[in-house]
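# Understanding the architecture of this molecule
Read off the chains here:
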Amino acid sequence: MSTTIQLTANPTENVSRKVSAGRNFRISNGKAVTLFLSLVILSGCKRRQLTTPSPQMDIEPQFWVKVLLLDKAEACTLKIASSFSITDDPNLQTQLPTARFDQIDAPISIRLINGEITIGGRPFMNDEVIIFPDEPYIFKLNGDAYRGKLKLIINPDGGTFDAINLVPPDAYLAGVVGAEMPSYWEPEALKAQAIAARTYCFYIKKQFGGNHTWDMKKTAAHQVYRGVSAESNQIWDAVNQTKGQVLVCKQTDGTEDIFPAYYSSTCGGHTENSKNVFGDSFEPLIGVPCPYCRNVARPKFFFWPMIQFDNTYVINRLLRRYPNLKQLGEITNFSPAAQSNYTEFSRLTKVELSGSSGKSDFLRAEDFRLAIDPSGRKLRSTICQIVKWGEKWAFLSGRGWGHGVGMCQCGAEGMARQGKNAKQILSYYYPDSKIISVY
Ligand SMILES: [Zn+2]
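Residue numbering note: each chain is counted from 1, following its sequence as written. Local features are withheld for residues below a pLDDT of 70 in this predicted model, meaning they are given only at 70 or higher, and side-chain atom pairs are given and counted only at 80 or more; totals for whole chains, interfaces and linings count all residues. Computation of side-chain values: all heavy atoms of the structure, hydrogens and water removed.

This next bit is on the sheet that holds strand β21 (residues 331–341). Note on pairing: two strands pair once DSSP finds at least 2 bridges between them. Only runs of H or I of at least four residues qualify as helices and only runs of E of at least two qualify as strands under DSSP, and these elements are numbered from the N terminus. An order of β21-β22-β23 is seen for the 3 strands of this open sheet, with the pairing classed as antiparallel. Every interior strand has two partners, whereas the edge strands, β21 and β23 (360–364), have only one. The mean inter-strand angle of the sheet, taken between neighbouring strand axes irrespective of direction, is 25 degrees. Should any heavy atoms of two residues lie within 4.5 Å, those residues are considered in contact. All axes here are fitted lines through C-alpha atoms, helices being fitted over the stretch that makes contact, and every angle between N-to-C directions spans 0 to 180 degrees. Of the strands in this sheet, β21, β22 (346–355) and β23 touch helix α8 (residues 311–321), which is tilted by about 75 degrees from β21.

A few words now on the side chain of arginine 198. Among the structural elements, arginine 198 can be located in helix α4 (residues 187–208). Burial classes follow relative accessibility: with a 1.4 Å probe on protein chains only, a residue under 20% of its type's maximum area counts as buried, one over 50% as exposed, and anything between as partly exposed. A residue is classified by how much of its surface remains accessible, and arginine 198, at 0% relative accessible area, is buried. Here a polar contact is recorded for every N or O atom pair within 3.5 Å, except that within protein the pair must consist of a potential hydrogen donor and a potential acceptor, and residues adjacent in sequence are included only if both atoms are side-chain atoms. Among the polar contacts listed, one links the side chain of arginine 198 to the backbone oxygen of valine 239, at a separation of 3.4 Å. From its side chain, arginine 198 meets the backbone oxygen of glutamine 245 in a polar contact 2.9 Å long. When sequence neighbours within four positions are dropped, the list of residues in contact with arginine 198 reads Asp170, Leu173, Val239, Thr242, Lys243, Gly244, Gln245, Val246 and Tyr439.

Within 6.5 Å between ring centres, the rings of Phe, Tyr and Trp (the latter by its six-membered ring) count as paired, and their orientation is classed by plane angle as stacked under 30 degrees, edge-to-face over 60, tilted in between. Enumeration according to the criterion identifies 19 aromatic pairs in this entry. Each ring, one from tyrosine 200 and one from tyrosine 262, has its centre 5.9 Å from the other, and the planes form 50 degrees; the classification is tilted. Residue tyrosine 200 is found in helix α4, and its partner tyrosine 262 is found in the loop between β17 (256–258) and β18 (263–264); the two are separated by 62 residues along the sequence. Here tyrosine 262 falls in the buried class, since its relative accessible area comes to 11%. Ring centres of tyrosine 203 and phenylalanine 282 lie 6.1 Å apart, and the angle between their planes is 90 degrees; on these two criteria the pair is classed as edge-to-face. In this pair, tyrosine 203 is assigned in helix α4 and phenylalanine 282 in the loop between α6 (274–277) and α7 (299–302), connecting sequence segments 79 residues apart.

Distances from the zinc ion to its protein donors, Cys267 (SG), Cys290 (SG), Cys293 (SG) and Cys408 (SG), fall within 2.3 to 2.4 Å. Note that water is not among the atoms considered, so a metal site may appear incomplete; the donors listed are N, O and S atoms within 2.8 Å of the metal, with 3.2 Å applied to Na, K and Ca. Sequence spacing of the donor residues for the zinc ion, all on one chain, is C-x22-C-x2-C-x114-C. One end of the pair, cysteine 267, is in the loop between β18 and α6; the other, cysteine 290, is in the loop between α6 and α7, with 23 residues separating them in the sequence. Both residues of the pair, cysteine 267 and cysteine 290, count as buried.

Geometry only, nothing functional implied.
Written out as structure tokens, the structure is:
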């Protein structure tokens, strides 16, 4: 009988969870497995310190998540605490190294010189290069640590390159969950976040991954990814304990499939129908009352302070994002064109923009908000009133933070504090969805 065991990512997992179908260690009898694990655990976990909390990086995952770390960069710095390989094999299939490097203490400069990717002074002929760190499979790019591989691709402009992190899904999720929620939050809230983030990632990859050399941005435009610095034992527990789990719902053709499991920080009291915010329509995204976030979000985040912007600033921002609005002439007014009304408040969903030409046009309120404040940190939601004050626009009576669609993150924490588990949290915020395992 052959038994295969594998050290998994989390040091706090119990021994029985470590027996799985990997191929790190092959030991021919069960007693040896137990003895080996006991020795590892009792001997101060020396071996595990090397790999912990490293995910199963030596096994090719079903697929890599491709995260855009640098967009149109001209130079960057790389630091790798292990030896590493580089390949510029044009088909990138064989992964045979073109170059091997021993561990180097100094940062390595990456630049384009004469149109060639040059790493530590060594030029590579192909437009695409992949850097593979050895164990523990971590590299630092401009000071930030990430797991997996680093792919560099020269852009069609010839003068810049993109840096893309190829990372196994669970290592990616650890870097997301820990960036999206504090690791001291309730374990069930962290697990709900892990499942929602996995579902969202797989959906975006499936829908749009073919259009780019990458799947996900590392910002809130998709979901925030901070790599190794976001990780902790609690975060790895949430990722490992929900391994492979995603949400599905009935699609219009009657089949069951994943959907964009959006989530946002604080809904303000009621989540919003995705149709009104992103224009897509899925049964679990119709919006539900949320009595849970109010006690979790700090008051200054639940109710946000009035914010004012100069009229010129607002107009310039809108025209930069939506040049077609120039046909309105000088934009003279904004007015609410549609809103969702709830018991205590209304969420603006559509804004009418009127111009000196006599024409008017409409924007979704969320698009209007992010055109004016792309970070969303000042103009935090569309639950607000818009008032013109002289040469300024004021946004007041603000409430909530984020687009409000799908799971309310503070609400998930509120439910978990009341004893609800991840499954209950997810079926509350995504009604008519269910959890399935895909790996
Ligand atoms: Zn809420």
